[in-house]
Amino acid sequence: MENQHDDNCSLFTPSIITVTVSAVLIAITRVFYILCQSGKPLYPSKSPKPLSTLIVLGSGGHTAEMINVLNVLLLKDRFCPRFYVAAATDNMSLQKAHLLEENVFNLNEGKGGSTQFLQIYRSREVGQSYITSIGTTFLALVHALWLMIRIRPQVVLCNGPGTCVPLCVIAFLFKVVGVRWSSVFYVESIARVRKLSLSGLLLYKLRIADQFFVQWPQLQRKYPRAHYVGCLM
């Protein structure tokens, strides 16, 4: 009996190793495929359909810059429905987004498209201890995952607030597992003249952003995969 049990174990172990190696190889191949496809046109066609868009807002200057970008993009009806997301403690950004949508609604003669305004937990508040931030970071990740599963956007548009990082990472993982092909567009803040912000650096180095835009030519020379678009303010 013992010999038979040993034989079964010896046969079972190589099978586990084979399945594990195969799964890892498939995952690596899938990631390389996604990296090669990143940055290509979204659903190219002669009559492009509207794209569900997640817009991540940050406090202060981040929101002001994003509003400037949206003033141009929303003149077209390509990006709808739109989902605005800001930190749970940031009510001012959502108020500005409400005003923007009212202006778009009036300019388009009542055809502004459907919008939703959402809030997400911060991983860490200013002045919060690193020990307590472990729990809030986990909560923020769970909340971000729930939001992304609910929205499943085709486009993620962000420009630097830390709240965008978990959302962009989840969008990339959605592509890996085949849930949704969500294209991430990142616009670095105009305040970043010589080096990227931490959020921008993470998304650039990990190749999570499909398109990465900077507003200063020296940044584009330092980070060659970025696109220089000039000052957007």
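Residues numbered from 1 in each chain as written. Predicted model: local features only at pLDDT ≥ 70, side-chain atom pairs only at ≥ 80, totals over all residues. Heavy atoms only, no water.

As recorded in an unreviewed UniProt entry, the protein chain goes by the name UDP-N-acetylglucosamine transferase subunit ALG14, listed as coming from Salix udensis. The record in UniProt for the protein chain states the following under Subcellular location (unreviewed entry): "Endoplasmic reticulum membrane". The UniProt entry for the protein chain carries this comment under Sequence similarities (unreviewed entry): "Belongs to the ALG14 family." (UniProt positions renumbered as here; feature names shortened; annotations may be inferred.)

Trainee: Explain the overall build of the protein chain here, please?
Mentor: Looking only at helices and strands, one finds seven helices and seven strands in the protein chain. Secondary structure elements in the protein chain, listed N-terminal to C-terminal, are α-β-α-β-α-β-α-β-α-β-α-β-α-β. Taking the contacts inside the protein chain whose residues are at least 6 apart along the sequence as the reference set, 70% of them involve residues at least 24 apart. As displayed, the protein chain has an accessible area near 13,500 Å², and 64% of this comes from carbon and sulfur atoms. (Helix = DSSP H or I, 4+ residues; strand = E, 2+ residues; numbered from the N terminus. Contact = heavy atoms within 4.5 Å. Areas by Shrake-Rupley, 256 points an atom, 1.4 Å probe, with all protein chains shown as cover.)

Trainee: What should I look at first to understand the pairing of strand β6 (residues 211-214) in this one?
Mentor: One face of the sheet, then the other: side chains in a regular strand alternate in exactly this way. Relative to β6, strand β5 (residues 183-187) is paired through three bridges, and the arrangement is parallel. Bridge assignment links phenylalanine 185 to a residue of β6, and that residue is glutamine 211. Taken together, β5, helix α6 (residues 198-205) and β6 constitute a β-α-β crossover, and its handedness is right-handed. Two elements, β6 and strand β7 (residues 227-228), share two bridges in a ladder whose sense is parallel. Within β7, the position partnered with valine 214 by the bridge is tyrosine 228. Following the chain from β6 across helix α7 (residues 217-222) to the adjacent parallel β7, one finds a crossover that is right-handed. (Pairing = 2+ DSSP bridges. Right-handed = clockwise from strand over helix to strand, strands pointing away.)

Trainee: Looking at this model, I keep getting lost on a positive patch on the surface. Mind explaining?
Mentor: Taken together, the side chains of Arg192, Lys195, Lys205, Arg207, Lys222 and Arg225 present a region of like positive charge at the surface. Position of lysine 195 among the secondary structure elements: in the loop between β5 and α6. The exposure class of lysine 195 is exposed, given its relative accessible area of 53%. (Patch = residues over 30% accessible without salt bridge, like charges linked within 9 Å, V, L, I, M, F, W, Y side chains within 5 Å. Salt bridge = Lys/Arg side-chain N within 4 Å of Asp/Glu carboxyl O. Lys, Arg positive; Asp, Glu negative; His and termini not counted. Charge placed at Lys NZ, Arg CZ, Asp CG, Glu CD. Buried < 20%, exposed > 50% of the residue type's maximum accessible area, 1.4 Å probe, protein only.)

Trainee: Any chance you could explain the sheet that holds strand β1 (residues 53-56) here in plain terms?
Mentor: Whenever strands of a sheet pair, they do so through backbone hydrogen bonds, lying parallel or antiparallel. Strand order in this open sheet of seven strands is β3-β2-β1-β4-β5-β6-β7, and the pairing throughout is parallel. Lying at the two open borders of the sheet, with one neighbouring strand each, are β3 (115-120) and β7.

Trainee: Looking at this model, I keep getting lost on the layout of surface pockets. Mind explaining?
Mentor: Sizing a probe to match a water molecule and rolling it over the atoms shows the empty space that remains. Of the pockets and cavities examined, the largest pocket occupies roughly 420 Å³. Residue assignment for the lining of the largest pocket shows that the elements contributing at least two residues are β1, α2 (61-73), β4 (155-158) and β5. For the lining of the largest pocket, the element with the most residues is α2, which contributes five residues. Tallied by class, the residues present in the lining of the largest pocket amount to 16 nonpolar, two polar and two charged. (1 Å grid on protein atoms, 1.4 Å probe; cavity = no way out; pocket = protein on both sides within 12 Å on 5 of 7 lines; lining within 4 Å. Points joined across faces, edges and corners; volume = space filled by probe spheres on them. Nonpolar A, V, L, I, M, F, W, Y, C, P; charged D, E, K, R; others polar.)

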